[in-house]
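What follows is each chain in one-letter form.
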Amino acid sequence: MDEQARETGIGRTAESAAASAEHRRWWQVDCRDLSNAHRTLAVLVDRDEVELVGPPGHAAVLSALGVRQLSTALRDAAMQARK
């Protein structure tokens, strides 16, 4: 994935890459655990709720880019949950 895609949104979506944020139901944000192994955080919309799912049994360590991705995912998910 290119840097611009990471900056503007999210690592991956449940729908096609061309789907707008208005129609996404889940996002994945790249992160690392405390031992520096690659992990992901998932942001899901379930009806009118937003769920944040971290790596099972691990802490999530986010880079500045990861924080921006998470912020964008949470904002977009909150908009979906209001619909």
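Here is what the cut-offs are and how they apply
- Residues numbered from 1 in each chain as written.
- Predicted model: local features only at pLDDT ≥ 70, side-chain atom pairs only at ≥ 80, totals over all residues.
- Heavy atoms only, no water.
- Helix = DSSP H or I, 4+ residues; strand = E, 2+ residues; numbered from the N terminus.
- Buried < 20%, exposed > 50% of the residue type's maximum accessible area, 1.4 Å probe, protein only.
- Contact = heavy atoms within 4.5 Å.
- Areas by Shrake-Rupley, 256 points an atom, 1.4 Å probe, with all protein chains shown as cover.
- Salt bridge = Lys/Arg side-chain N within 4 Å of Asp/Glu carboxyl O.
- Pairing = 2+ DSSP bridges.

A. Spotlight on the overall build of the chain. Assigned secondary structure in the chain consists of 2 helices and 4 strands. When the helices and strands of the chain are read in sequence order from the N terminus, they spell out α-β-β-β-β-α. The proportion of buried residues among the 83 residues of the chain is 31%. By sequence separation, contacts in the chain at least 24 residues apart represent 47% of the contacts at least 6 residues apart. In the form shown here, the chain has an accessible surface area of approximately 5,100 Å², with 52% of it arising from carbon and sulfur atoms.

B. Inspection of the pattern of salt bridges at higher detail. Using the criterion set out here, one finds 3 salt bridges in the structure. Arginine 47 is paired through a salt bridge with aspartate 46; the nearest N and O atoms lie 3.6 Å apart. The exposure class of arginine 47 is exposed, given its relative accessible area of 63%. The residue aspartate 76 makes a salt bridge to arginine 75 at a minimum N-O spacing of 3.4 Å.

C. Expanded view of the pairing of strand E3 (residues 38-46). Pairing between strand E2 (residues 26-32) and E3: 7 bridges, direction antiparallel. Within E3, the position partnered with glutamine 28 by the bridge is alanine 42. Here E2 folds back onto E3 in antiparallel fashion, the turn holding 5 residues, of which asparagine 36 has a positive phi close to 70°. As defined by bridge partners, E3 adjoins strand E4 (residues 49-53) across 5 bridges and the pair is classed as antiparallel. In the sheet register, valine 43 faces E4, and the bridge partner there is leucine 52. Hairpin remark: E3 followed by E4, antiparallel, with 2 residues in the connecting loop; positive phi at arginine 47, about 55°.

D. Broad picture of unusual backbone geometry. Positive phi, normally seen in glycine, also occurs at asparagine 36, with a value near 70°. Structurally, asparagine 36 can be placed in the loop between E2 and E3. The exposure class of asparagine 36 is exposed, given its relative accessible area of 53%.

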